[in-house]
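Examination of the molecular architecture
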Amino acid sequence: MNSKNLIRIKQFCVYHEIEDTFIMELNNYGLVEIIVQEEDKYFHSKQLPDIEKMIRLHYDLKINMEGIDAIAHLLNKIENLQQNLITAQNKLRLFEHQQTE
């Protein structure tokens, strides 16, 4: 794995002024994938927007881990439904275009 795309958890937590146990807890709930390299813990940079969103939910809105887990699950379902809707709309447009020819 390319280490350029990894973010060191300790540095991230210092920057955001949070405990690293919060990231470990997110990992325990399956919301974040932690990568261990040379005894340091990292997460992939693709996870950054989601992790920052979960930080705001927890620290700004005081939502507990169970709530964050439920919210993440629902947001994931919404994203999947939106993708399914786009796919269906594209198929419908293709079908309608074929019918007009």
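Computed from a prediction, not measured in an experiment: that's the story for all the values here.

Summing up its helical and strand segments, the protein chain has 4 helices and 3 strands in all. Its helices and strands in sequence order give the protein chain the pattern β-α-α-β-β-α-α, from N to C terminus. Radius of gyration (C-alpha) of the protein chain: 19 Å, far over the 13 Å computed for a compact globule of 101 residues. By residue count, 23% of the 101 residues in the protein chain fall in the buried class. A fraction of 56% describes how many contacts in the protein chain between residues 6 or more apart in sequence connect residues 24 or more apart.

On to the layout of surface pockets. Estimated volume of the largest pocket: approximately 340 Å³. Forming the walls of the largest pocket are 16 residues, and the residues nearest its centre are Asp50, Lys53, Ala72, Leu75 and Asn76. Among the elements of the structure, helix H3 (48-60) and helix H4 (65-100) are those that each provide at least two residues to the lining of the largest pocket. By residue number, the principal contributor to the lining of the largest pocket is H4, which donates 10 residues. For the lining of the largest pocket, a count of residues per class yields 8 nonpolar, 4 polar and 4 charged.

Calculation rules
- Residues numbered from 1 in each chain as written.
- Predicted model: local features only at pLDDT ≥ 70, side-chain atom pairs only at ≥ 80, totals over all residues.
- Heavy atoms only, no water.
- Helix = DSSP H or I, 4+ residues; strand = E, 2+ residues; numbered from the N terminus.
- Rg over C-alpha atoms; globule rule 2.2 N^0.38 Å.
- Buried < 20%, exposed > 50% of the residue type's maximum accessible area, 1.4 Å probe, protein only.
- Contact = heavy atoms within 4.5 Å.
- 1 Å grid on protein atoms, 1.4 Å probe; cavity = no way out; pocket = protein on both sides within 12 Å on 5 of 7 lines; lining within 4 Å.
- Points joined across faces, edges and corners; volume = space filled by probe spheres on them.
- Nonpolar A, V, L, I, M, F, W, Y, C, P; charged D, E, K, R; others polar.

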